Amino acid sequence: IAVPLIETERHLLPFVGPLLPLRIPQPRFHGSPTDEYPWPFLGYSLLRGRTVPSANLTEPARLALAEPLGRFLRALHQIPAATAAERGAGPDPISRLQQAESRLPALRSELREINRSELRPLLPALLAVVDAWPIGYVPRTDTLVHGDLHAEQVLVEAGEPSGIIDWGDAHLGDPALDIAGAMALLSPVGFRVFEAAYGEIDPITRRVARVRAVRHTLHGLHYAEASGDGPLLAEMVRALHHLAAGA
C-alpha cells in the first residue's frame, strides 16, 4: 500500500516545496528495492516541531495557526493542476468524496452510536451537518490537494506552525478535502480567520468539507480509543465540538 504513496512524495514534493509558505518534507535519499529489502524507501530532511495533538495548544495558540494555514492552503490549491500532473500528481485513487454520499447512512448510525457522554449533546448538530450533504455532488478533480490533512499532519514549534507532513495522499482532487482539516482543527472564530487568508469558500464546498471533517474525525476518535492515544483522543473530541459549533 505504501509504495505508490512513497513514489508520489518522491516526485511531487521537491517541486511543491519551494512554492509553499510552510515547510514540507523533502526527500534527500532514495533507496531502491533489493533482495534484502524488496521495496523503495526515502530519507527526508528533518522538520522540527511537534504535532498539534502532542503540543497541547492553548486556544490562543490554536487561533494563531489559522492565518498561516489559510495562506498555506491557498498557495497549494493555486498550483496549476497540469504542472502538478507532470510532477506525479494523479487522480484520487480511493475516490474519497465520490463514495461519501453512499456512506451517509452509515455515518449517521456511527454518530448515534457514540457512547462518550461529553459528545452526546453534540449529536443533533453533527447529524444536521450530515443531512446538509448536497445530494448528487460531483467532486472536483482540478486542484492539487494534500488529501489527508488533519491535526497530526500539522507541526508546531514555539507557538507557530513549522511544517505540514505526510504527503502520500496528495492528488488532483477537491479542495474540500483539505478545508475539512482546517474546520476540524479550528474553532468557528479560527475558521473565519482561516477563510480570510484562504479566500471565500462557496456554500457547497463548505457543506461537503464539514461532512468530510465529521467522518474523518470519527475515524480518528475510534483509532485513538482503540490505541489508547490520550492526546489524539482529546484532539478528536475538541474537533467534534468545533464542527458542531460551526454547524
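Residues numbered from 1 in each chain as written. Predicted model: local features only at pLDDT ≥ 70, side-chain atom pairs only at ≥ 80, totals over all residues. Heavy atoms only, no water.

(A) Structural view of the overall build of the protein chain. Secondary structure assignment for the protein chain yields eleven helices and seven strands. Counting only C-alpha atoms and orienting by the principal axes, one finds that the protein chain spans roughly 55 × 40 × 40 Å. The 247 residues of the protein chain split such that 50% are buried. Of the roughly 11700 Å² that the protein chain leaves accessible, carbon and sulfur atoms contribute 56%. Averaging the coordinates of the 23 positive side-chain charges in the protein chain and doing the same for the 28 negative ones gives two points 4 Å apart. (Helix = DSSP H or I, 4+ residues; strand = E, 2+ residues; numbered from the N terminus. Buried < 20%, exposed > 50% of the residue type's maximum accessible area, 1.4 Å probe, protein only. Areas by Shrake-Rupley, 256 points an atom, 1.4 Å probe, with all protein chains shown as cover. Lys, Arg positive; Asp, Glu negative; His and termini not counted. Charge placed at Lys NZ, Arg CZ, Asp CG, Glu CD.)

(B) Here's a closer look at the sheet that holds strand S6 (residues 160–164). The strand order S3-S5-S6 describes an open sheet built from three strands, whose pairing is antiparallel. Every other strand in the sheet has two partners, leaving strand S3 (50–51) and S6 as the edge strands with one partner each. With four bridges joining them, strand S5 (residues 154–157) and S6 adopt antiparallel strand pairing. When the sheet's bridge partners are listed, valine 154 is paired in S6 with isoleucine 164. (Pairing = 2+ DSSP bridges.)

(C) Region of the structure containing the layout of surface pockets. Of the volumes computed, that of the largest pocket is approximately 480 Å³. Around the largest pocket, the lining is made up of 26 residues, and of these Asp148, His150, Arg212, His216 and His219 lie nearest the centre. In terms of residue count, helix H10 (residues 203–227) provides more of the lining of the largest pocket than any other element does, eight residues in total. When its residues are assigned to classes, the lining of the largest pocket shows twelve nonpolar, seven polar and seven charged. Approximately 170 Å³ is the volume found for the second largest pocket. Lining the second largest pocket we find Ile1, Leu5, Pro93, Ile94, Arg96, Asp148, Asp166, Gly168 and Asp169. Looking at the lining of the second largest pocket residue by residue, the classes come out as four nonpolar, one polar and four charged. (1 Å grid on protein atoms, 1.4 Å probe; cavity = no way out; pocket = protein on both sides within 12 Å on 5 of 7 lines; lining within 4 Å. Points joined across faces, edges and corners; volume = space filled by probe spheres on them. Nonpolar A, V, L, I, M, F, W, Y, C, P; charged D, E, K, R; others polar.)

(D) Expanded view of the environment of threonine 51. Checked against the element boundaries, threonine 51 lands in strand S3. A relative accessible area of 18% means that threonine 51 is categorised as buried. Expressed as a C-alpha distance, the spacing of threonine 51 and isoleucine 164, which sit 113 residues apart in the sequence, is 9.3 Å. In this structure threonine 51 touches Ala151, Glu152, Val154 and Leu155, once residues within four positions along its chain are discounted. (Contact = heavy atoms within 4.5 Å.)

(E) Main features of the packing of helix H7 (residues 123–131) against helix H11 (residues 230–246). One can describe the packing of H7 onto H11 by two numbers: an axis separation of 8 Å at closest approach and a directional angle of 70°. Between H7 and H11, the angle falls in the class roughly perpendicular. Our pair here, H7 against H11, has a crossing hand that is left-handed. Here Ala125, Leu126 and Val129 of H7 come into contact with H11, specifically with Leu240, Leu243 and Ala244. (Axes fitted to C-alpha atoms, helices over the stretch in contact; angles between N-to-C directions. Parallel < 35°, antiparallel > 145°, perpendicular 65-115°, else oblique. Left-handed = near helix turned anticlockwise from the far one by under 90°.)

(F) View of the nonpolar core. In terms of nonpolar packing, the biggest core is built from 74 residues, with Val16, Leu20, Leu111, Leu144, Ile164, Trp167 and Phe194 touching the most fellow members. In this structure, isoleucine 164 is in contact with Leu22, Arg23, Ile24, Pro25, Leu69, Phe72, His146, Leu149, Gln153 and Val154, ignoring residues within four places of it in sequence. (Core = buried A, V, L, I, M, F, W, Y, C linked by side-chain atoms within 4.5 Å.)

(G) Region of the structure containing the packing of helix H8 (residues 176–185) against H11. Contact pair H8 / H11: the axes reach a minimum separation of 7 Å and the direction vectors enclose 100°. With respect to H11, the axis of H8 lies roughly perpendicular. Listed contacts from H11 to Met183, Ala184 and Leu185 of H8 are Glu235, Ala239, His242 and Leu243.

(H) Quick look at a nonpolar patch on the surface. A cluster of nonpolar residues, Tyr37, Trp39 and Phe41, forms a patch on the protein surface that exposes about 340 Å² of accessible area. The residue tryptophan 39 is located in the loop between strand S1 (27–31) and strand S2 (41–44) in this model. (Patch = residues over 30% accessible without salt bridge, like charges linked within 9 Å, V, L, I, M, F, W, Y side chains within 5 Å. Salt bridge = Lys/Arg side-chain N within 4 Å of Asp/Glu carboxyl O.)

(I) Representation of helix H1 (residues 2–16). Between its first and last C-alpha, H1 extends 20 Å over 15 residues, near the 21 Å set by a 1.5 Å rise per residue. The largest bend in H1 comes to about 30°, at arginine 10, with the proline proline 14 one to four residues further on. The complete set of buried residues in H1 reads Thr8, Glu9, Leu12, Leu13, Phe15 and Val16. (Expected span 1.5 Å × (residues − 1). Bend = angle between axes of the 7 residues up to and from the residue.)

None of the figures reported here should be taken as evidence of function without further support.
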